[in-house]
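Summary of the model geometry
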Amino acid sequence: GCAGLKKDNTSSTGETVTVSFWTAPQKVQYDFWTSKAEAFNATNTKVGDKVVKLEVQQMPETPSSEAGIQNALATGTAPAISECNLSGLCVFPII
């Protein structure tokens, strides 16, 4: 499967696909994207027979957000989607 995707058999149609999304480490970004994810999740959008849910987390910033992303890629724990505010780091696909 793709890094960051997990299946949760709790929806009425039999399956939910949870898509992980890392925001930039600033709380304002986390709050913004959490509100957007909540609005999206409320729509119960389906792909095929699976309900897609977004799960928002702040990217780790210790020792730096760049190191957090690199560590996640190296350990296979990268999210499906990641916000990035550094143009030089944003040229690789997460999935």
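Quantities reported herein were computed from a predicted structural model and do not represent experimental measurements.

Comments concerning the pairing of strand E2 (residues 15-23)
By the criterion of burial, E2 is predominantly enclosed, with 8 of the 9 residues buried. Note: E2 against strand E4 (residues 50-58), 9 bridges, orientation parallel. Opposite Thr23, over in E4, you have Gln58 as the bridge partner. Taken together, the 2 bridges between E2 and strand E5 (residues 81-82) define a ladder with parallel strand orientation. Bridging from a neighbouring strand, Trp22 pairs with Ser82 of E5.

A look at the packing of aromatic side chains
Applying the stated criterion to the full structure yields 2 aromatic pairs. Taken together, a centroid distance of 5.4 Å and an interplanar angle of 65 degrees make the contact between Phe21 and Trp33 edge-to-face. One end of the pair, Phe21, is in strand E2; the other, Trp33, is in helix H1 (residues 27-42), and 12 residues separate them in sequence. Given the relative accessible area of 30%, Trp33 is considered partly exposed. By way of ring pairs, the aromatic residues Phe21, Phe32 and Trp33 are connected into one cluster.

Focus: the environment of Met59
If you trace the backbone, Met59 turns up in the loop between E4 and helix H2 (65-75). Aside from chain neighbours lying at most four places away, what touches Met59 is Trp22, Thr23, Ala24, Pro25, Ser65, Ile69, Ser82 and Glu83.

Comments concerning the nonpolar core
Counting 5 residues, the largest nonpolar core is built from Trp22, Met59, Ile69, Ala72 and Ala78. Setting aside its immediate chain neighbours within four residues, Ala72 contacts Trp22, Thr77 and Ala78.

Analysis parameters
- Residues numbered from 1 in each chain as written.
- Predicted model: local features only at pLDDT ≥ 70, side-chain atom pairs only at ≥ 80, totals over all residues.
- Heavy atoms only, no water.
- Buried < 20%, exposed > 50% of the residue type's maximum accessible area, 1.4 Å probe, protein only.
- Helix = DSSP H or I, 4+ residues; strand = E, 2+ residues; numbered from the N terminus.
- Pairing = 2+ DSSP bridges.
- Phe/Tyr/Trp six-rings, centres within 6.5 Å; stacked < 30°, edge-to-face > 60°.
- Contact = heavy atoms within 4.5 Å.
- Core = buried A, V, L, I, M, F, W, Y, C linked by side-chain atoms within 4.5 Å.

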